[in-house]
Every structure is written in structure tokens, then in C-alpha cells.
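Residues per chain are reported as follows:
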Amino acid sequence: MDYVFLISSFIKIVALFAVVLGIVNYTVYAERRISALIQDRLGPNRVGPAGLLQPIADALKFLAKEDLTPGHVNKFYYWLAPCLAMIPAITTLAVIPFGSTLFGVPMVIADINVGVLFVFAIASLSVYGIVIAGWSSNSKYPFLGGVRSTSQMISYELSLGLAVIPIFLLLGQLRLTEVVRYQIEHGWMIAPFVGDWANPHKWLLAIPMMISFVVFTIAIFAETNRLPFDLPEAETELVGGYHTEYGSMKFALFFLGEYVAMITGSAIIVTLFLGGWHFPWIPDGSQGWGWGLVNIFVFFSKVVVLLCVFIWVRWTLPRFRYDQLMRLGWVFFFEIALANIFLVAIILAYFPS
Amino acid sequence: MPSFLFWIFAAVMLGFGAAVVLNRNPIASALSLVISFLGLSALFMSLDAFFIGIIQILVYTGAVMVLFLFIIMLLDLRTETRRKMNVVAVVGGAMVALAFFAQICSVVGQLGAAQQSFPPLASPKMDDVHSVGLLLFSNYNVPFQIIGVLVLVATVGVVVLSKRELR
């Protein structure tokens, strides 16, 4: 066995896990502060300077709370569900290139040749956590939430998968590091400013890429159960949705899973459409470890910006009705994504670069 | 891949495959099948067939089994858990399975190719996604196109049916 590979992988896994959990905690804080800003309130500002210690207080509260298991639930599955909600979201992070290189080690945990398919496959497993939570709770509202969530996630997975096909038609590759490499050479997918920017072929391709980007982003909103698509946990209709019967750390795991899924979603959007860790005029990690760190910083900055967009949308738009949600997914985004594939194929066939 | 991983995943696959049959709760059976599929895809990946393994998860575990689970939950099959096992049926089923297994063993035992050990896997010249694509689009292009049209017709049909308003 290659010990350098083992040790560097282990360090990468631990570091990425720590960074992502840190971002999750402060996303929750940001969510509360930004929602307060949007609604002209103050938000949590008492614990520590400007309320910055609030996430730590929240975590302590969740840990110290009594772990209550209601009597009417199906015990084994009730315990299994929060774990199943958390694990897929974290596992998908493994294939995302979050930096260039650091000391010659590529900053991606597993650079596999089916990259984005791996992400979709593992992300499609996260539906089990929600379904089992809804079913094992043995109560009306969680069950309705679970059922809604299943049909929603399956419907939007189609648009999600179809929206990335244009990129792979263009590249002929599924490897995510190759997607980033292409964008370094030819400019970001939706904004080809760098490289041979005067090439009209690339600007022509940017149109279908923009469509893909919009469809993909909206499908990610639906996949992560965020407003305006948060029907599975619509508080006004379903109490709390699939996690109504959960409390303390088990509830926190659902909560964390949702936010980690948001981060993973943003990371995939950044990797596929927004250039990954690349920023114009910043060299990659082969120019020294300082630049390697800057690349990682650039990647996570982009992710954080997207997370802010997620929060902004949540507190701006009202919720869809369920039939509207389904119609939007099946007869609107599905068709757009399908037509978009034909558009890209035509551009690639008749307007070669 | 280290061989102990093969044994772990093979055991997971077979164990949960048996659990599909042995569980009386339909939901537990469906979830066991899901884990069995995961073990199967791990075995595919151990043969460097990442694409097939991932598609196995994406299609069967992520989509087909979710729908199965969905339907089972909506049907709410509680009577199934209370039903007693029929001893005669269990013994009969086991006999049929054993007979079938013995037959396969005897046929494979007489096969000439089964006497030799497997040749080592040829190291691939390109990654498996490309190999699959190349094969589909060169050797099996016509069947592939036909299936593509079939699937497209099915999806368009679904959209048309769901778009039609009921009066």
C-alpha cells in the first residue's frame, strides 16, 4: 500500500469534514441573521460578539437535550433514519475537487472517472432517510411529508441529470477535475471570459450552458427541500414534515443533513458551472503552497456566496403549491433540459470551434 | 482490490439477499434489497467497472427501489407481518432451490472452461465509461438507437398523459 496516499487522503477527509461542518454551523447562523435582516428584525445577537457563538450554544443545547423516543414509533427505523439522512450528503463531498494541489497532492479525495454520476447516485440515496423517517414515525404529518419528499426528489432528479448532459457532450468526460481543467483553459461554463474569450463558438455555447445552470440550480433547490420547494416540511400544513416526531440530536442530524446537502449542491454548481477553484489571474497550487491555499479559499468563497443566494431566495419567495411544483418539474424543466441537450448537440455538430 | 473486501461485500450481498426473503415486514425486505444492491455495485466497482456500479446505484437503488418502497408504504401491508409461515411451502421452496443449485453445479462441473482458472483481467486501455460508450456506439449502435427512441416515446407519452386535463 502507498502510505503517502493513505495519510494524505485521511488528512483531506478530516479537514474537509471539519471545514464543511464549520460552514454548516455558520450557515445556520447566517440564515437566522439574514432572515432577520430581510424581515427587519435583529436575529440572534446575544451570544458572543454579534451572536457569533450562537451555533456553539445551539449545538450544546442539542447535545444536552433529553433524547426522547415516542412510544408509537417503529424503533429500529426511527433510529436509522437520521443517520441515513446525514451520510449520503457527506459522502458526495468525496468526489468534489475543492482545490488545485497542495504540496503536490491533488485537493480531491477520490478523483473517479464517473464523478458527477457518483454524486447523483449517492444523493439519490438521501431520499431513504426522509422516507423512513416519515414512515417509522407512525403518524400522519410525517408520513405525508415523507411521501411528498419522495415524489419531489424523484421528479427533480430527472431535470438534474438532464441539465448536466450538455457539459458532458461538450467535454466527453465525466471526471469533475476535467470539468474544472476545461474551465481554466476556456473560461467558466456560463461566463467564458478567460482564455480564448474572443471565440464566438464559446459565447454561443454559453447560452445553453446558462439554461443548464438555471435548471440545475432550481433542481438543487428542490432536491435539498429548500423554499420555494419545501413542501415536505411545510410548517403551515404539516407541522414539521417528516421530522415532526424527532427531537434533540436526532432532529439536529436531519437539520445538519439538509445543510450539508445544500453545501454539496452549491459545491457541485460551483464545480460544473462557475469554474471550481479557479479565479482569473490566480495561479494554481504548482506555483507554491500559498496559492494552493488561495485556490481552496476561492472555492469555498464561491460556495458561501451560493449559500447566501439559497438563504436570500428562502426568505424572499413564497412556497409553491404541490401541483404547481409537480407541473414545474415534469412539464417545464424536463422539457427545457431535453431541448437544451438537442441545442448543444446541434451547436457542437454544425458550429465546430 | 484486497480480497477481504470481496468477501465482505459478497457476504453483505448474500446476507441481505436472504433477508429479503426471510423478513416478514415488506418494508424491511425492500430495504434489505437496497443494501444487497449496494453490495452488488461495490463488487462491480472492485472489477474497475465504476460506470456499471454507479448506474446500478443510480437506477435500481436510487429510483426503482424508492418507488417500490413508496408503493409498499402507501399500501400499508400490515397483514403480511402477521401471517404464519407455511412449513410445507417453505420446505418445497427450499427443495426446488436446492435442486436447481445442484443442477447448475453439475452442468458447470462438466464444462471444459470451468476446469481452468480465470485468466487475469486485461488492464484497460481507457477508462470504463469510454469503453462502454465506444461499444454501444460502434458494435451495438442500432439496438442502442432503437432503445433510445423507445425510451423517448415513453417519456413523451408520460408527459402527454399527465398534461391532459381531466374533465
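Given the structure is predicted, the values throughout are model-derived calculations rather than measurements. (Residues numbered from 1 in each chain as written. Chains lettered and ligands numbered in written order. Predicted model: local features only at pLDDT ≥ 70, side-chain atom pairs only at ≥ 80, totals over all residues. Heavy atoms only, no water.)

(A) View of the overall build of chain A. Scanning chain A for helices and strands turns up eleven helices and two strands. Relative to the compact-globule value of 20 Å for 353 residues, chain A shows a C-alpha radius of gyration of 21 Å, a close match. Structurally, chain A occupies a C-alpha span of about 65 × 50 × 45 Å along its principal axes. Within chain A, counting contacts between residues at least 6 apart in sequence, those at least 24 apart form 74% of the total. (Helix = DSSP H or I, 4+ residues; strand = E, 2+ residues; numbered from the N terminus. Rg over C-alpha atoms; globule rule 2.2 N^0.38 Å. Contact = heavy atoms within 4.5 Å.)

(B) Structural detail: the pattern of salt bridges. Residue and element names in this part refer to chain A. For the coordinates displayed, the defined rule picks out four salt bridges over all chains. One salt bridge in this structure joins Glu31 and Arg314, with 3.5 Å as the shortest N-O distance. With Glu31 in helix 1 (residues 3-38) and Arg314 in helix 10 (residues 289-314), this residue pair connects regions lying 283 residues apart in the sequence. Summarising the burial analysis for this pair, Glu31 and Arg314 share the class buried. Taking the shortest distance from any N to any O, the salt bridge between Arg181 and Glu178 comes out at 2.8 Å. Taken together, the residues Arg181 and Glu178, both in helix 6 (residues 176-186) and three residues apart, mark about one turn of the helix. Owing to a relative accessible area of 39%, Arg181 belongs among the partly exposed residues under this scheme. (Salt bridge = Lys/Arg side-chain N within 4 Å of Asp/Glu carboxyl O. Buried < 20%, exposed > 50% of the residue type's maximum accessible area, 1.4 Å probe, protein only.)

(C) Layout of the packing of helix 4 (residues 115-136) of chain A against helix 5 (residues 140-171) of chain A. Residues and elements named next belong to chain A. At a minimum axis distance of 8 Å, the contact between helix 4 and helix 5 shows a crossing angle of 175°. Overall, the two elements helix 4 and helix 5 adopt an arrangement that is roughly antiparallel. Counted together, Val116, Phe120, Ser124, Ser126, Val127, Ile130, Val131, Gly134 and Trp135 of helix 4 and Pro142, Phe143, Gly146, Ser149, Thr150, Met153, Glu157, Leu160, Gly161, Val164 and Phe168 of helix 5 form the full contact between these two elements. Tallied by class, residues from the contact of helix 4 with helix 5 come to twelve nonpolar, seven polar and one charged. (Axes fitted to C-alpha atoms, helices over the stretch in contact; angles between N-to-C directions. Parallel < 35°, antiparallel > 145°, perpendicular 65-115°, else oblique. Nonpolar A, V, L, I, M, F, W, Y, C, P; charged D, E, K, R; others polar.)

(D) Looking closely at helix 5 of chain A. All names here are of chain A. Compared with the 46 Å implied by 1.5 Å per residue over 32 residues, the 47 Å span of helix 5 between its first and last C-alpha is a close match. The axis of helix 5 is deflected most strongly, by about 30°, at Ile165, and proline Pro166 appears within four residues downstream. In terms of burial, helix 5 is largely enclosed, as 24 of its 32 residues are buried. Looking at the residues trailing helix 5, positive phi occurs at Gly172, about 65°. (Expected span 1.5 Å × (residues − 1). Bend = angle between axes of the 7 residues up to and from the residue.)

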